[in-house]
Amino acid sequence: MAGPAFRAAAVRVRVPATSANLGPGFDAFGLALGLYDDVVVRVADSGLSVDIAGEGADSLARDERHLVVRSMRAAFDRLGGQPRGLEVVCANRIPHGRGLGSSSAAICAGLVAARAVTIGGPSALDDDALLDLASELEGHPDNVAACLRGNFTVAWTDEESAKAVVLEPSAQVVPVVFVPATEVLTKTARGLLPKTVPLGDAAVNAGRAALMVEALTRRPELLLAATEDRLHQDYRASAMPESAGLVGALRAEGIPAVISGAGPTVLALTDEAGADKVLSFAGHHGHGGDPAFAAHRLELDRTGATVLPLDA
């Protein structure tokens, strides 16, 4: 049986950063943010070429170990066969190891690019199958759902596959991220979580997660209450004390703030009127004179992973 045919022209894919959990929605909520990685892929006659600019340029592998390449290989397997060669160029802007979905962005970029260079790819690997494969590669669907589909996503996995619904965040919501200089590995952060939690804490989180759907989409004035978490952030605080301190300082001022994903980035959800005040917290220092956070006001991403013209 013949394998798939591939396009001769290169394709360009843009994928957004994401923030998972958003406080109470552990491993379920994801929010797409206007900070992007770009990947350009061309099917070649032979071999593998990987070029990287920006984040990770000095540390990431430039061979089959690269996460974009590994994800492309997984997609090509589902599509019926591997191309003879690949040229991959990555322009990375999403910080690595900071809780902004850099690994999910790489996975989604690879999957979408592989589908785009394969003739008939979108019908052979539809959006639902793409989400399921991305979740399989990442290990959970929260970040990849938001990365692929944009906006605010609620994701889950049933007995068969990963699924997600997409909701539109209120246009009044302005995300601000506080990115520290140091990384915290997701594996490290997950290792701090207990096997069980008190029933009362679980009940609070269930209520706040339900409230978050209303607050983020229609009533942002409820975001401070809706972002309360008792399930994971306190348990992880020892791995990121400065970030935990910043969350506390922001919330004490009435600003909805959470640890972004597994951290240590802090995400604040403010509005136009409050953005400058929130940005001023970038000078917050932790114990022992640790460096200040770099604060960035971002847009909400509305489109998710997108195939763009090369000259866009």
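This report concerns the structure included in the present document. Chains are numbered independently. Their residues run from 1 in the order of the written sequence. At least 70 in pLDDT is required for a residue's local features to be given in this predicted model, at least 80 for side-chain atom pairs to be given and counted, and no such filter applies to totals for whole chains, interfaces and linings, which use all residues. Excluding hydrogens and water, the side-chain values take into account all heavy atoms of the structure.

Now for the overall build of the protein. Across its full length, the protein holds 11 helices and 11 strands. Values of the radius of gyration come from C-alpha atoms, whereas the globule rule sets the reference at 2.2 Å times the count of residues to the power 0.38. For the protein, the C-alpha radius of gyration of 20 Å lies close to 20 Å, the compact-globule estimate for 312 residues. In terms of overall dimensions, the protein has a C-alpha envelope of 60 × 40 × 40 Å along the principal axes. Relative accessibility under 20% of the residue-type maximum defines a buried residue, over 50% an exposed one, and the middle range a partly exposed one, all with a 1.4 Å probe and only protein chains included. Within the protein, the proportion of its 312 residues that are buried is 51%. Contacts in the protein between residues at least 24 apart in sequence constitute 73% of all its contacts with a sequence separation of at least 6. Only the protein chains shown count as cover for residues, with accessible areas throughout obtained via the Shrake-Rupley method and a probe of 1.4 Å. Carbon and sulfur atoms provide 53% of the accessible area of the protein, an area that totals close to 13600 Å². Side chains of the protein carry 27 positive and 38 negative charges; the gap between the two charge centres is 2 Å. Secondary structure is summarised from DSSP: a helix means a run of H or I of at least four residues, a strand means a run of E of at least two, and numbering begins at the N terminus for each. Should any heavy atoms of two residues lie within 4.5 Å, those residues are considered in contact. Here the positive residues are Lys and Arg and the negative ones are Asp and Glu; neither His nor the chain ends is included. Charge positions are represented by NZ for Lys, CZ for Arg, CG for Asp and CD for Glu.

The subject of this paragraph is the nonpolar core. To form a nonpolar core, buried Ala, Val, Leu, Ile, Met, Phe, Trp, Tyr and Cys residues must be joined to one another through side-chain atoms within 4.5 Å. If you look at the biggest cluster of nonpolar residues, it comprises 67 residues, and the most contacted ones within it are Val-41, Met-72, Val-88 and Leu-216. For this core, the leading source of residues is helix α2 (residues 102-117), giving 11 residues. When neighbours within four sequence positions are excluded, Val-88 is seen to be in contact with Val-39, Val-40, Val-41, Ser-49, Val-50, Asp-51, Val-68, Val-69 and Met-72. Counting residues in hydrophobic clusters, the runner-up holds 18 residues, among them Met-240, Val-266, Ala-268 and Val-278.

Turning our attention to the environment of Gly-101. Topologically, Gly-101 is positioned in the loop between β4 (85-92) and α2. Sequence separation between Gly-101 and Ala-17 is 84 residues, and the spatial gap between their C-alpha atoms is 5.6 Å. Among all residues touching Gly-101, those that are not within four sequence positions of it are Thr-18 and Asn-143.

Another aspect to go through is the packing of helix α1 (residues 67-79) against α2. Here an angle of 0 to 180 degrees is reported between the N-to-C directions of two axes, which are lines fitted to C-alpha atoms, with helices fitted over the stretch in contact. Remark: α1 packs on α2, axes separated minimally by 7 Å, with the N-to-C direction vectors making an angle of 40°. Here α1 is positioned oblique relative to α2, judged by the angle of their axes. For the crossing formed where α1 meets α2, the hand is right-handed. Taken together, the residues of α2 that come into contact with α1 (itself represented by Leu-67, Val-68, Ser-71, Met-72, Ala-75, Phe-76 and Leu-79) are Ser-103, Ala-106, Ile-107, Gly-110, Leu-111, Ala-113, Ala-114, Arg-115 and Val-117. Only Asp, Glu, Lys and Arg are considered charged, only Ala, Val, Leu, Ile, Met, Phe, Trp, Tyr, Cys and Pro nonpolar, and every remaining residue, Gly among them, polar. Of the residues that constitute the contact of α1 with α2, the class distribution is 12 nonpolar, three polar and one charged. The labels follow the angle: roughly parallel below 35 degrees, roughly antiparallel above 145, roughly perpendicular from 65 to 115, and oblique for the rest. When the near helix sits turned anticlockwise from the far one by under a right angle, the crossing is termed left-handed; a clockwise turn instead gives a right-handed crossing.

Before going further, it helps to spend a moment on the pairing of β4. Working note: regular strand, side chains alternate between the two faces of the sheet. Two strands pair under a simple rule: DSSP has to find at least two bridges between them. Here strand β2 (residues 25-44) runs beside β4; their pairing, made up of seven bridges, is antiparallel. Bridging from a neighbouring strand, Asp-38 pairs with Ala-91 of β4. Where strand β3 (residues 47-54) meets β4, eight bridges bridge the pair, whose relative direction is parallel. Bridge pairing links Gly-47 to Gly-85 in β4.

Looking now at the sheet that holds strand β8 (residues 257-259). Paired through their backbone hydrogen bonds, the strands of a sheet run either parallel or antiparallel. Read from one edge to the other, the open sheet built from four strands follows the order β8-β9-β7-β10, with strand pairing classed as antiparallel. Unpaired on one side and paired on the other, β8 and β10 (294-297) mark the two borders of the sheet. Adjacent strand axes in the sheet meet at a mean angle of 20° when their direction is disregarded. Relative to strand β9 (residues 266-270), β8 is paired through three bridges, and the arrangement is antiparallel. Residue pairing for β9: Val-258 is matched across the bridge by Leu-267.

Once that is clear, we can look at the pairing of β9. In terms of residue burial, β9 counts as a mostly covered element, since five of its five residues are buried. For strand β7 (residues 174-179) and β9, the ladder comprises five bridges, and the chain directions are antiparallel. Following the sheet pairing, Pro-175 is matched in β9 by Leu-269. Taking the residues that link successive antiparallel strands as the turn, the β8-β9 hairpin has six residues, and the phi of Gly-261 there is positive, at about 60°.

Along an α-helix, residues three or four positions apart point the same way, because every turn accommodates 3.6 residues. A helix is expected to span 1.5 Å multiplied by its residue count minus one. Compared with the 18 Å implied by 1.5 Å per residue over 13 residues, the 18 Å span of α1 between its first and last C-alpha is a close match. Along α1, the positions that sit buried rather than exposed are Val-68, Val-69, Ser-71, Met-72, Arg-73, Ala-74, Ala-75, Phe-76 and Leu-79. The secondary structure elements touched by the buried residues of α1 are β2, β3, β4, α2, α3 (121-124) and α4 (127-138). One or two positions beyond α1, positive phi appears at Gly-80, with a value near 115°.

Once that is clear, we can look at helix α5 (residues 142-149). Burial of α5 is extensive: seven of the eight residues sit out of reach of the surface. Turning to α5, its buried residues are Asp-142, Asn-143, Val-144, Ala-145, Ala-146, Cys-147 and Leu-148. In this structure, the buried side of α5 is in contact with β1 (11-21), β2, α2, α4, β5 (152-157) and β6 (162-167).

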